[in-house]
Protein chains: 2
Amino acid sequence: MAAKTTARSLDTATLASEVRAGNRAALARAITLIESRRADHQAEARKLVQALLPFTGRALRVGITGSPGVGKSTTIEALGMALVGRGHKVAVLAVDPTSARSGGSILGDKTRMAQLSATDRAFIRPSPAAGTLGGVAAKTREAMLLCEAAGFDVVLVETVGIGQSETAVCDMTDFFLALMLPGAGDELQGIKKGLVELADMIAINKADGDNLKRANLAAAEYRGALHILTPRSAHWQVPVVTYSAIAGLGIEELWQKVVDHRDAMQASGEFAARRREQQVKWMWTMLEDRWQARLRADPAIRAKVRSTEAAVAEGQITPALGADQIAELLT
Amino acid sequence: MAAKTTARSLDTATLASEVRAGNRAALARAITLIESRRADHQAEARKLVQALLPFTGRALRVGITGSPGVGKSTTIEALGMALVGRGHKVAVLAVDPTSARSGGSILGDKTRMAQLSATDRAFIRPSPAAGTLGGVAAKTREAMLLCEAAGFDVVLVETVGIGQSETAVCDMTDFFLALMLPGAGDELQGIKKGLVELADMIAINKADGDNLKRANLAAAEYRGALHILTPRSAHWQVPVVTYSAIAGLGIEELWQKVVDHRDAMQASGEFAARRREQQVKWMWTMLEDRWQARLRADPAIRAKVRSTEAAVAEGQITPALGADQIAELLT
């Protein structure tokens, strides 16, 4: 094996031009730089991302969520290979703030996507190591920008089916895809309420063989339910489709919906508007995360924040007074 | 008419004890003090709320939303009178950040609730004057605490059917009720996606006369749709009920659901947990609102924030760099 690459082996300008040239090793090194917690690395990482910013934004960004067992990796493998076959360059990233706790990151094991990880036209990167959700999401957003600068024109961002991480991934993508399992009637898998607001499409995997009928019934039931909800955009009614990643059925049709959505959103101007809003929201989120980091950095301050939160939770002091006390800690 | 009460006519301690004694004029004055933008009034208001805090929290807090024309005031009038008839003391508040723009506040015209506003056992207060949503919501939350200290044991908080104000009201109440109109099939009123996540019950008004059948059909359709969603709590399946505020039908049954929900949530411990979480969230929201207020206070800073947001939105600078620039403005 090659020696472990270090984040410092190239200067920022060289690293930027190597990334732009599509050098995969440079891209991996650049992402490692972004993920580093060292202050000097972080300063360099910012310069790097700023330098590459003009070359970003050209990929179609797709978020993918689903409960464990739904077949996320198989889906990404099948979809990724189909996209590579069409001439796309596909980057696969992940947001999983629980990765350290659970002892392994989603996507950590590339054997889960054996074909895709073997092709030059795909780039797979596991979730950044655990931290706060804000920290993990920020690093994945920047990794996405670097992948775009390196010429990847489709970015798939996988997430675990946990509320806040789904919101974070939805906030960094153009299309948010929720994967479900077949089942009908009493067996039907419930759609999480929060997910209804985020999903641009619901896709039922494992629609093959004996499951086909159940998958179609489930799709009809989901369609009926979604029909009663006001669409977020007048130009997009959330579709419910069935497919089988393992049998390779319906993958092209699934991707076609993503393309249809992009076309509809671009025609209405919502595509660019959503990106602009996301970028401004990222900025405010980063600012807030930074304040939160300051509050966590010092053990004495952290203890004071916790006791203030407890006093507010128990109704001993008003939220306003609690806010005063925390504001004082920050000045 | 009596002379306009001033916020300064009583000292804080006296005002607090008058509020506790259930003096309605004192309660109105205390809320005026809370709503004042003068710095000295705000300092006094904080002391007042802190002093009354031990006497708060005993009311059942119910948020009510619905599109214009759904019959919110008629519903609150009918529900409020039924509650007063049962021996409750009912406070009616509102969150409407658009009130100044639209030229009139919801609840501003008490003739919309003629009976309720005539009884001693009810207290109706229009939405605080327009400001940011955060400012309006903060004042309503504190007004709610004062009403509780004054002995009101049911607080109804009305809101207009606009996304963020619905979230704000949901975040300050124990039960969130969404009012809808009858209609079935193609005529069916869509449920907003965001509302699905917030609502503890959907109630279809105007279920009387010719509308009855359509209302029942609509209820069945909504029930079918909601059934597919995973409930937020294992102890509460969101019910869909029909009623008629104007005919006085189904009001008792509607309230019974609110009580059933409270009982279920208290038995599971979720009632207290939701309140604790709400209080901590209020605190962080207030802290954030305060930073935002600092950024808006100075015209030069405001202009700089706007140009930073624009540069981030247009992709000229990274969100991280934008966050740096704004952080510098705050130090």
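Bear in mind that the values here come from a model prediction, so they are computed numbers and not experimental data.

**What to know about the overall build of chain A**
Turning to step 1, where the next piece is worked out: Within chain A, the secondary structure is distributed over 13 helices and nine strands.
Turning to step 2, where the next piece is worked out: A globule of 331 residues ought to have a C-alpha radius of gyration of about 20 Å, and chain A, at 21 Å, matches this closely.
Turning to step 3, where the next piece is worked out: In chain A, which comprises 331 residues, the proportion classed as buried is 52%.
Turning to step 4, where the next piece is worked out: Pairs at least 24 residues apart make up 74% of the contacts formed inside chain A by residues separated by at least 6 positions.
Turning to step 5, where the next piece is worked out: Accessible area of chain A: about 14000 Å², with a carbon and sulfur share of 55%.
Turning to step 6, where the next piece is worked out: Of note, chain A has its 40 positive side-chain charges centred 4 Å away from the centre of its 36 negative side-chain charges.

**A word on helix α10 (residues 251-268) of chain B**
Residues and elements named next belong to chain B.
Turning to step 1, where the next piece is worked out: Taking 1.5 Å per residue as the helical rise, α10 with its 18 residues ought to reach 26 Å, and the 26 Å between its terminal C-alpha atoms agrees with that figure.
Turning to step 2, where the next piece is worked out: Structurally, α10 contributes buried residues whose contacts are with β1 (60-66), α4 (72-85), β4 (154-160), β5 (175-180), β7 (201-204) and α11 (270-297).
Turning to step 3, where the next piece is worked out: Directly after α10, the chain includes glycine 269, whose backbone phi takes a positive value near 85°.

**Examining the domain arrangement of chain A**
Residue and element names in this part refer to chain A.
Turning to step 1, where the next piece is worked out: Domains assigned within chain A are domain 1 (1-54), domain 2 (56-268) and domain 3 (280-329).
Turning to step 2, where the next piece is worked out: Taken together, the ten residues of domain 2 in the interface contact five residues of domain 3.
Turning to step 3, where the next piece is worked out: Regarding the contact of domain 2 and domain 3, the summed buried area is about 590 Å², with carbon and sulfur atoms giving 58% of it.
Turning to step 4, where the next piece is worked out: Sorting the residues of domain 2 by area buried against domain 3 places Thr132, Arg141 and Asp171 first, and these three jointly supply 63% of that buried surface.
Turning to step 5, where the next piece is worked out: Taken together, domain 2 and domain 3 are joined by one salt bridge.
Turning to step 6, where the next piece is worked out: Two residues, lysine 281 and aspartate 171, come together in a salt bridge whose shortest N-O distance is 2.8 Å.
Turning to step 7, where the next piece is worked out: At the boundary of domain 2 with domain 3, the tally comes to two residue pairs in polar contact (both at pLDDT 80 or more).

Reading the values: rules and limits
- Residues numbered from 1 in each chain as written.
- Chains lettered and ligands numbered in written order.
- Predicted model: local features only at pLDDT ≥ 70, side-chain atom pairs only at ≥ 80, totals over all residues.
- Heavy atoms only, no water.
- Helix = DSSP H or I, 4+ residues; strand = E, 2+ residues; numbered from the N terminus.
- Rg over C-alpha atoms; globule rule 2.2 N^0.38 Å.
- Buried < 20%, exposed > 50% of the residue type's maximum accessible area, 1.4 Å probe, protein only.
- Contact = heavy atoms within 4.5 Å.
- Areas by Shrake-Rupley, 256 points an atom, 1.4 Å probe, with all protein chains shown as cover.
- Lys, Arg positive; Asp, Glu negative; His and termini not counted.
- Charge placed at Lys NZ, Arg CZ, Asp CG, Glu CD.
- Expected span 1.5 Å × (residues − 1).
- Domains from an automatic or database assignment.
- Buried area = accessible area lost by both parts, 1.4 Å probe.
- Salt bridge = Lys/Arg side-chain N within 4 Å of Asp/Glu carboxyl O.
- Polar contact = N/O pair within 3.5 Å; in protein donor to acceptor, adjacent residues only side chain to side chain.

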